[in-house]
Amino acid sequence: MNQIKLFIELTRLKKPIGYMLLFWPCAWGLTLAYDFSSSWDNYFFCLILFFLGAVLMRSAGCIVNDILDRKFDAKVFRTKDRPIASGKISVKLAIFYSTILCFLAFLVLISFNLFTIILALGSMPLAFTYPLMKRFTYWPQLFLGITFNYGLILGWTAIKGQIDLIPVLFYLGAIFWTLGYDTIYGFQDLKDDEIIGLKSTSIKFKGNAKKFLFLCYSILMVFFLLGGFLMNFHNVYYILLILPLIHLFIYQMKVFNLNDPASCFKAFKSNNFFGLIILINILISQNF
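The rules behind each value
- Residues numbered from 1 in each chain as written.
- Predicted model: local features only at pLDDT ≥ 70, side-chain atom pairs only at ≥ 80, totals over all residues.
- Heavy atoms only, no water.
- Helix = DSSP H or I, 4+ residues; strand = E, 2+ residues; numbered from the N terminus.
- Rg over C-alpha atoms; globule rule 2.2 N^0.38 Å.
- Buried < 20%, exposed > 50% of the residue type's maximum accessible area, 1.4 Å probe, protein only.
- Contact = heavy atoms within 4.5 Å.
- Areas by Shrake-Rupley, 256 points an atom, 1.4 Å probe, with all protein chains shown as cover.
- Lys, Arg positive; Asp, Glu negative; His and termini not counted.
- Charge placed at Lys NZ, Arg CZ, Asp CG, Glu CD.
- Expected span 1.5 Å × (residues − 1).
- Arc of directions from axis to C-beta.
- Salt bridge = Lys/Arg side-chain N within 4 Å of Asp/Glu carboxyl O.
- 1 Å grid on protein atoms, 1.4 Å probe; cavity = no way out; pocket = protein on both sides within 12 Å on 5 of 7 lines; lining within 4 Å.
- Points joined across faces, edges and corners; volume = space filled by probe spheres on them.
- Nonpolar A, V, L, I, M, F, W, Y, C, P; charged D, E, K, R; others polar.
- Polar contact = N/O pair within 3.5 Å; in protein donor to acceptor, adjacent residues only side chain to side chain.
- Axes fitted to C-alpha atoms, helices over the stretch in contact; angles between N-to-C directions.
- Parallel < 35°, antiparallel > 145°, perpendicular 65-115°, else oblique.

A. Structural detail: the overall build of the chain. From N to C terminus, the chain includes 17 helices and zero strands. Taken over the C-alpha trace, the chain has a radius of gyration of 19 Å; the compact-globule value for 288 residues is 19 Å, and the two agree within 12%. Judged by the C-alpha coordinates and their principal axes, the chain covers about 55 × 45 × 30 Å. The burial tally for the chain puts 52% of its 288 residues in the buried class. Restricting the contact set of the chain to residue pairs at least 6 apart, pairs at least 24 apart contribute 76%. When the accessible area of the chain is evaluated, it comes to approximately 13500 Å², of which 69% is carbon and sulfur surface. If the 25 positive side-chain charges of the chain are averaged to one point and the 14 negative ones to another, these points end up 5 Å apart.

What follows is the structure, given as structure tokens:
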């Protein structure tokens, strides 16, 4: 039982925000591509597969992240008690867990077409090298955005079997979404990261945090507007975008206080709601 508890702690299964933020772009891409004039059965089946894939890959990613960051995590107050950093789980056992999770994710992946399988496998180097970026660049959040939103492309290709401009536009927008919310997340560890020499957009833009977030979220909305235009969405799509606009530019900006870790985490977690309302918007627009 103790090992099960440590495994759950290691994979952050009690913190669903991580795998939900990975899942939403997958759901967006799938919903953008799906033909709802046919049966909805395949849509829900694919949605479940992407959800399982998101949980499995996020769990594996957490383990790899903790293995690579174990020496840094031990020096950061928020992460010093993580199973690997604290020595409760060995690196060898963690690698074994990660391998099993990746294998299970592969079993999910092979349910899709060959093109989607190849694209997904091609993203693996990005997924497992992201944790190293904070050592070399102030833009690790950008690499996370490229990696975390890759599922949007996969959601599209799982249905269409090819890449088009539309999912690319939504993908680019989603990258700036992640760039914003992970910058907010990074402010929780700002002081510790500066002391131990790690880099992030949180550190780079700490003097202009809200301006940077405003820029990221503005670019996000521009790409989503362009994507909606190319999808030939009805005006209802643009009307419904008012709610996520309010969420990003009013609610998050009001909640976010870079000097208060609790408010940073609250603003970060609220992006789960953003992911949901964008999905609902696309779903309604696709069926309007």
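Now that the structure has been shown, the text picks up again.
B. Just the environment of V108, in detail. Relative to the helices and strands, V108 is located in helix 5 (residues 91-109). Note on V108: relative accessible area 11%, which makes it buried. Separated by 112 residues in the primary sequence, V108 and L220 place their C-alpha atoms 30 Å from one another. When near neighbours in sequence (up to four residues on either side) are disregarded, V108 contacts L49, L52, G53 and L56.

C. Highlighting helix 5. Between its first and last C-alpha atoms helix 5 spans 26 Å; for 19 residues at 1.5 Å apiece the expected length is 27 Å, and the two agree. The set of residues buried in helix 5 consists of A94, Y97, S98, L101, A105, V108 and L109. End-on, the buried residues of helix 5 take up no more than an arc of 120°, which puts them together on one face. In this fold, the buried residues of helix 5 make contact with helix 1 (2-11), helix 3 (41-68) and helix 6 (114-122).

D. Region of interest: the pattern of salt bridges. Taken as a whole, this structure holds eight salt bridges when the rule is applied. For R135, the salt bridge goes to D69, with nearest N and O atoms at 3.1 Å. Of this pair, R135 sits in the loop between helix 7 (124-129) and helix 8 (140-148) while D69 sits in the loop between helix 3 and helix 4 (70-73); the two residues are 66 residues apart in sequence, bridging distant segments of the chain. Relative accessible area serves as the criterion here: at 23%, R135 is assigned to the partly exposed category. Note that E194 is salt-bridged to K206, the shortest N-O span being 2.5 Å. Linking E194 in helix 11 (residues 190-196) with K206 in the loop between helix 12 (201-204) and helix 13 (209-230), this pair joins segments that are 12 residues apart in sequence.

E. Seen up close, the side chain of T147. By secondary structure assignment, the location of T147 is in helix 8. Apart from residues no more than four positions distant in its own chain, T147 is found in contact with L126 and A127.

F. Spotlight on the layout of surface pockets. A volume near 170 Å³ is recorded for the second largest pocket. Taken together, F187, Q188, D189, L190, K191, D192, L258, N259 and P261 make up the lining of the second largest pocket. In terms of residue count, the dominant contributor to the lining of the second largest pocket is helix 11 (three residues). Per-class residue counts for the lining of the second largest pocket are four nonpolar, two polar and three charged.

G. Spatial organisation of the side chain of T137. Position of T137 among the secondary structure elements: in the loop between helix 7 and helix 8. At 3.0 Å, the side chain of T137 and the backbone nitrogen of W139 are in polar contact. In this structure T137 touches F143, K199 and S200, once residues within four positions along its chain are discounted.

H. Representation of the packing of helix 15 (residues 242-255) against helix 16 (residues 261-269) within the structure. Following both chains from N to C, one finds helix 15 and helix 16 inclined at 155°, their axes separated by 8 Å at the closest point. Between helix 15 and helix 16, the angle is such that the two are roughly antiparallel. In this structure, helix 15 uses Y251, Q252 and V255 to contact helix 16, whose residues at the interface are S263, K266 and A267. Its residues assigned to classes, the contact of helix 15 with helix 16 comprises three nonpolar, two polar and one charged.

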